[in-house]
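Structural features, examined
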Amino acid sequence: MVAVNSVAVGVCFGLAGRCTVAAAELAGACASAVDCSLNGECVGGRCLCDSAWSGSPSCDVLAFEPMSSDTGYRNTSFASWGGNAIFADGKYHLFVAQMENHCGLDNWGSNSAIIRAESADVLGPYAYAERVISAFSHNPTVRRLPNGSF
């Protein structure tokens, strides 16, 4: 553990892919907004999170609404980030940054590749179709050109 402003915070170990978190952080204890991940204010020693970041006591998890597991792109073998969908040839094509070599998102700087996934519905589910660009490439965007190509 590392002490910051007298509050213990998590220490991540990249090689093991694990993160240990101090009990004080789990309880949302704080001494300043930094201890609240800069996503809220420290009030009376506790984090008062901005509404979008109320998913954890230390304001470091987005508060998403529940969603169906049959939407979007899910690949249980590879971590992915972002996405940009287009409609062409009667289906939706989603371009996503996906981490190669079974690496987590923390290794995006050297393992991020662009893949294409397909779906009949804009909400998905999307299925992997192909790797478009190998590592290193990240945050894909797709645009239709004036000649109709992408």
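An account of the accompanying structure is given in this report. Predicted model only: the values in this text are computed from it and were never measured.

Details of the state of the cysteines
Scanning all chains against the criterion turns up 3 disulfides. There is a disulfide in this structure between Cys49 and Cys59, and the S-S distance comes to 2.0 Å. Of note, the bridge from Cys49 to Cys59 carries an S-S torsion of about -90 degrees and is left-handed in sense. Separated by 10 residues along the polypeptide, Cys49 in strand 6 (residues 46-49) and Cys59 in the loop between strand 6 and strand 7 (80-88) bring together distant segments of the chain. For the protein, the bonded cysteines pair up as 1-3, 2-4, 5-6 when numbered in the order they occur along the sequence.

Focus: unusual backbone geometry
Residue Pro125 is bonded to the preceding Gly124 through a cis peptide linkage, with omega at 10 degrees. Within the secondary structure, Pro125 is located in the loop between strand 9 (112-119) and strand 10 (127-133). Residues Ala135 and Phe136 are joined by a peptide bond in cis, for which omega reads 0 degrees. Structurally, Phe136 can be placed in the segment after strand 10. One non-glycine residue, Ser37, lies in positive phi territory at about 60 degrees. With respect to the helices, strands and loops of the structure, Ser37 is situated in the loop between helix 1 (23-26) and strand 5 (40-43). Look at Ser37 and you get partly exposed, because its relative accessible area is 29%.

Reading the values: rules and limits
Throughout this document, residue positions are counted from 1 along each chain, in the order its sequence is written. Residue-level local features of this predicted model are given only where pLDDT is at least 70; pairs of side-chain atoms are given and counted only at 80 or more, and the full residue set underlies all totals for whole chains, interfaces and linings. By convention in this description, side-chain values take in all heavy atoms of the structure and omit both hydrogens and water. The definition used for a disulfide is geometric: two cysteine sulfur atoms within 2.5 Å. Put simply, DSSP marks the helices as runs of H or I at least four residues long and the strands as runs of E at least two long, and each gets a number from the N terminus on. The buried label goes to any residue with under 20% of its type's maximum accessible area, the exposed label to any with over 50%, and the partly exposed label to all in between, with areas taken from a 1.4 Å probe on protein chains only.

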